[in-house]
Amino acid sequence: MEVTRSRDYFIAGNWKMHKTRAEAAALAKALVKALKPGKHKYLVAPTFTALETVGAIVKGTNILLGAQNCAPEEQGAHTGEVSVLQLKDLGVDAIILGHSERRHIYKEDDTLINKKVKLALKHGFEVILCVGELLEEREKGKAEAVCKRQTEKGLAGVTPEELSKITIAYEPVWAIGTGKTATPDDAEAIHAYIRSVIAKLYGAQAAKQIVIQYGGSVKAENAAQLMAKEDIDGALVGGAALKEETFAPIAKFS
Ligand code: PEP
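Note that the coordinates shown come from a computational prediction; the quantities given were computed from them, not determined experimentally.

What about the side chain of Asp231?
Right, on to step 1. In this fold, Asp231 is placed in the loop between helix H11 (220-227) and strand E8 (234-237).
Right, on to step 2. Here Asp231 falls in the buried class, since its relative accessible area comes to 11%.
Right, on to step 3. A polar atom in the side chain of Asp231 sits 2.5 Å from the side chain of Arg195.
Right, on to step 4. When sequence neighbours within four positions are dropped, the list of residues in contact with Asp231 reads Arg7, Glu188, His191, Ala192, Arg195 and Ile212.

Observations concerning helix H9 (residues 184-202)
Right, on to step 1. With 19 residues, H9 extends 26 Å from end C-alpha to end C-alpha; this agrees with the ideal 27 Å at 1.5 Å per step.
Right, on to step 2. Among the residues making up H9, those that are buried are Ala187, Glu188, Ile190, His191, Tyr193, Ile194, Arg195, Val197, Ile198 and Tyr202.
Right, on to step 3. Looking one or two residues past H9, Gly203 carries a phi angle of roughly 100 degrees, positive in sign.

Remarks on the site of the ligand
Right, on to step 1. Around the ligand lies a shell of 14 residues, among which Lys16, Glu171, Gly177, Ser217 and Gly239 are the nearest.
Right, on to step 2. A distance of 2.8 Å separates an oxygen atom of the ligand from a polar atom in the side chain of His99.
Right, on to step 3. Take Ser217: an N or O atom from its main chain is 2.7 Å from an oxygen atom of the ligand.
Right, on to step 4. Calculation on the ligand without its partners gives an accessible area of 290 Å², and the protein chains cover 96% of this total.
Right, on to step 5. Residue composition of the shell around the ligand, grouped by class: four nonpolar, eight polar and two charged.

What about the sheet that holds strand E5 (residues 126-131)?
Right, on to step 1. The strand order E1-E2-E3-E4-E5-E6-E7-E8 describes a closed barrel built from eight strands, whose pairing is parallel. Neighbouring strand axes in the sheet, compared pairwise and without regard to direction, differ in orientation by 25 degrees on average.

Overview of the packing of aromatic side chains
Right, on to step 1. With the rule as written, the count across this model stands at two aromatic pairs.
Right, on to step 2. Residues Tyr9 and Phe253 carry aromatic rings whose centres are separated by 4.9 Å and whose planes lie at 90 degrees to one another, so their mutual orientation is edge-to-face. Of this pair, Tyr9 sits in the segment before strand E1 (10-14) while Phe253 sits in the segment after helix H12 (244-251); the two residues are 244 residues apart in sequence, bridging distant segments of the chain. The residues Tyr9 and Phe253 share a single accessibility class, namely buried.
Right, on to step 3. For the cation-ring pair, Lys41 lies above Phe10, with the distance from its terminal atom to the ring centre recorded as 4.4 Å.

The rules behind each value
Residues numbered from 1 in each chain as written. Predicted model: local features only at pLDDT ≥ 70, side-chain atom pairs only at ≥ 80, totals over all residues. Heavy atoms only, no water. Helix = DSSP H or I, 4+ residues; strand = E, 2+ residues; numbered from the N terminus. Buried < 20%, exposed > 50% of the residue type's maximum accessible area, 1.4 Å probe, protein only. Polar contact = N/O pair within 3.5 Å; in protein donor to acceptor, adjacent residues only side chain to side chain. Contact = heavy atoms within 4.5 Å. Expected span 1.5 Å × (residues − 1). Near = heavy atom within 4 Å. Areas by Shrake-Rupley, 256 points an atom, 1.4 Å probe, with all protein chains shown as cover. Nonpolar A, V, L, I, M, F, W, Y, C, P; charged D, E, K, R; others polar. Pairing = 2+ DSSP bridges. Axes fitted to C-alpha atoms, helices over the stretch in contact; angles between N-to-C directions. Phe/Tyr/Trp six-rings, centres within 6.5 Å; stacked < 30°, edge-to-face > 60°. Lys NZ or Arg CZ within 6 Å of the ring centre and 35° of its normal.

Structure, rendered in structure tokens:
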């Protein structure tokens, strides 16, 4: 049975700590060409040092410019951090926050992530808020509880109006960069659950509208099956986002 969708698909590429400016420019140019005209909403998130270069290439196209993180403060003595004011200055449209690599390698907790989410929203950015359980949490039957906590705490203090700027990315940590993808049914179960958490927080209409991406070893071969699920509204792509040949087929899935 064909699912009637009320949400647009949103496909985002997270380039992580890869690519020099020249390499990033080449990929951005190839994607601008490949994704025009595109059927869905698109974003690329280069490393900070390539934001200006890539921003100049995607400006005025159907590809949004994303940053992979921001500082929890607007400015000040925060050595090594990048602020929302600086990202605004570079023309960034959206910020990925709470990525599992930030949570688990750099020990960012829900309170810090929530501070960043609120600051990014205050400055008019879209936010992709990543949530997802570790393998041992899944094996202990805690996947839903972890996603509930990360969603609720990540969104604490976010108003119903601001919620329209939020995309949730469900990224089971055990599926990121491992080649292991959640089955479409397993992913759908958590997506539907996260939508129910949003319904409790913001009401049924907001839950119907919020875009929930799946992330974790998405590739051209599994994208269409994942996207066919009722509550999966797009993808946050890591490894396969690093080449036009592997990202464009995901972005243009049908
Ligand atoms: C990610 O880092 O957000 C991600 C989903 O990576 P990969 O596609 O490589 O699993």
